[in-house]
Amino acid sequence: MDVDTRLLRSFVAVAEEGTLTRAAERLYVSQPALTKQIKQLETQLGVRLFTRSRTGMTLTASGRALAERTPALLAVWDQVSRETKSTASRADRVLRVGFLASAANEATPRIVAEFSHRRPGWRADMRQASWSDPSGGLADGEVDVALVRLPFPGQDTLRTEPLFTEPRWVALPADHPLAAHDEIRFQHLWDEPFVAAPAETGRWREYWLAMDERQGHPVRIGAVTDLPDDWLNAIANGYGVALAPASAARFYARPGIVYRPVSGIGPSQVAVAWAPADDTHPAVQDFVHCCLEYGVAD
């Protein structure tokens, strides 16, 4: 019987946190999604792992047995997975760099150029991740280092170094009544349908819906997308508006869409991220240093 490591990670989080609510927050997933994962794992194993009550989740005897061994098992699997995926690329002097959307904006070419200068013969292979993986590919070991936006799911298990912040703006259909404003108060967007990231991205999705700044006002979802082109099409077709970094006005300009500053919400933060196992890997650390030296906003 094969068990998805994602289900085991969810199990460990619930076992350690003691409640579905805290575990969901830690994993940046919704509570219903986490509940479904735990039930799926119990079904696959054929045992009950938790006793549920109003006060939380208590491990059964079977759950305690699994909890004792699973963290070490996942740690070994993560190490093996990273080493297996990275060995071939590093033997070819290729550094796999994940990124979301516009990466580090205009600083990205400078970072890549400086890395090539420091590491002659090496190549930075830039790999764009979908918004369904806000870690930029680090979570599954698909990349060696990533340019990401905080917060993202699982960032507490990785190393992150902030590079710069930029305001969050709103993308609107050009014929939207609010498009005539030079700046829009976030409260004026509360009743608008929003184009959102997939629900399984949890806190990432909530951040780009500015849930913390809504003062409890419910959000309306007009469309769900995980790729920039689909996101742009949904907005242009009038399915909703969407918060975006200010730089999106430069990198994702297109007819039928306008971008406007928004007051009443905090900025977006760009960071470089990597796995703790690569704290001493020369090529990864050279790229990180290039980001910290050259990854600044113009």
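As a convention, each chain's residues are numbered from 1 in the sequence order in which they are written. Whole-chain, interface and lining totals are the exception, using all residues; otherwise, since this is a predicted model, local features are given only for residues with pLDDT of at least 70 and side-chain atom pairs are given and counted only at 80 or more. Computation of side-chain values covers all heavy atoms of the structure but excludes hydrogens and water.

Focus on the packing of helix α2 (residues 20–27) against helix α3 (residues 31–45)
Link 1 in the chain: Across the interface, α2 lies against α3 with an axial gap of 9 Å and an inter-helix angle of 105°. Regarding the angle of α2 to α3, the classification is roughly perpendicular. In this structure, α2 uses L20, T21, A23, A24 and L27 to contact α3, whose residues at the interface are Q31, L34 and T35.
Link 2 in the chain: Of the residues that constitute the contact of α2 with α3, the class distribution is five nonpolar, three polar and no charged. Axis definition: a line fitted to C-alpha atoms, over the contacting stretch in the case of helices. Angles run 0 to 180 degrees between N-to-C directions. Strands are runs of DSSP state E lasting at least two residues, helices are runs of H or I lasting at least four, and both sets are numbered from the N terminus onward. If an angle is under 35 degrees, it is roughly parallel; if it is over 145, roughly antiparallel; if it lies from 65 to 115, roughly perpendicular; otherwise it is oblique. What makes two residues a contact is simply this: any of their non-hydrogen atoms within 4.5 Å. All amino acids are sorted into three groups, where Ala, Val, Leu, Ile, Met, Phe, Trp, Tyr, Cys and Pro are nonpolar, Asp, Glu, Lys and Arg are charged, and the leftover types, Gly among them, are polar.

Quick notes on the sheet that holds strand β3 (residues 94–100)
The pairing of strands in a sheet happens through backbone hydrogen bonds and is either parallel or antiparallel.
Link 1 in the chain: Strand pairing is defined by DSSP finding a minimum of two bridges between the two strands. With mixed pairing, the five strands of this open sheet are ordered in space as β4-β3-β5-β13-β6. Strand pairing shows two members of the sheet lacking a second neighbour, β4 (123–129) and β6 (159–166), which therefore form its edges. This sheet shows a mean twist of 25° between the axes of neighbouring strands, independent of strand direction.
Link 2 in the chain: With seven bridges connecting them, β6 and strand β13 (residues 268–274) associate as antiparallel partners. Within the sheet, the bridge partner assigned to P162 lies in β13 and is A271.

Topic: the packing of aromatic side chains
Link 1 in the chain: What counts as a ring pair is set by centres within 6.5 Å for rings of Phe, Tyr and Trp (its six-membered ring), and what kind of pair is set by the plane angle: stacked under 30 degrees, edge-to-face over 60, tilted for all other angles. Enumeration over the complete set of coordinates arrives at six aromatic pairs.
Link 2 in the chain: Ring geometry for F115 versus F287: centroids 5.7 Å apart, planes at 70°, classification edge-to-face. Of the two residues, F115 sits in helix α5 (residues 108–118) while F287 sits in helix α9 (residues 282–294), which places them 172 residues apart along the sequence.
Link 3 in the chain: Burial classes: relative accessible area under 20% of the type maximum marks a residue as buried, over 50% as exposed, and values in between as partly exposed (1.4 Å probe, protein chains only). Judged by its relative accessible area of 0%, F287 falls in the buried class.
Link 4 in the chain: In this structure an aromatic cluster arises from ring pairing among F115, W122 and F287.
Link 5 in the chain: Sitting over a ring, as applied to charges here, requires NZ of Lys or CZ of Arg to be within 6 Å of the ring centre and within 35 degrees of the ring normal. The ring of Y207 has R168 lying over it, and the distance from NZ or CZ to the ring centre is 4.0 Å.
Link 6 in the chain: Cation over ring: R168 sits above W208, and NZ or CZ is 6.0 Å from the ring centre.

Points about unusual backbone geometry
Link 1 in the chain: A cis amide bond links L150 to the next residue, P151, at an omega of -5°.
Link 2 in the chain: Topologically, P151 is positioned in the loop between β5 (145–150) and β6.
Link 3 in the chain: In the Ramachandran plot, A103 falls in the positive-phi region, its phi being about 55° despite a non-glycine side chain.
Link 4 in the chain: Here A103 is to be found in the loop between β3 and α5.
Link 5 in the chain: In this model, N105 sits at a positive phi of 60°, which is unusual for a non-glycine residue.
Link 6 in the chain: Inspection of the secondary structure assignment puts N105 in the loop between β3 and α5.

Focus on the state of the cysteines
Link 1 in the chain: The rule for a disulfide is simple: a pair of cysteine sulfur atoms within 2.5 Å. Counted by the stated rule, this structure contains zero disulfides.
Link 2 in the chain: Here C290 stays unpaired: no disulfide links it, and the sulfur of C291, its closest cysteine neighbor, is 7.0 Å away.
Link 3 in the chain: Owing to a relative accessible area of 0%, C290 belongs among the buried residues under this scheme.

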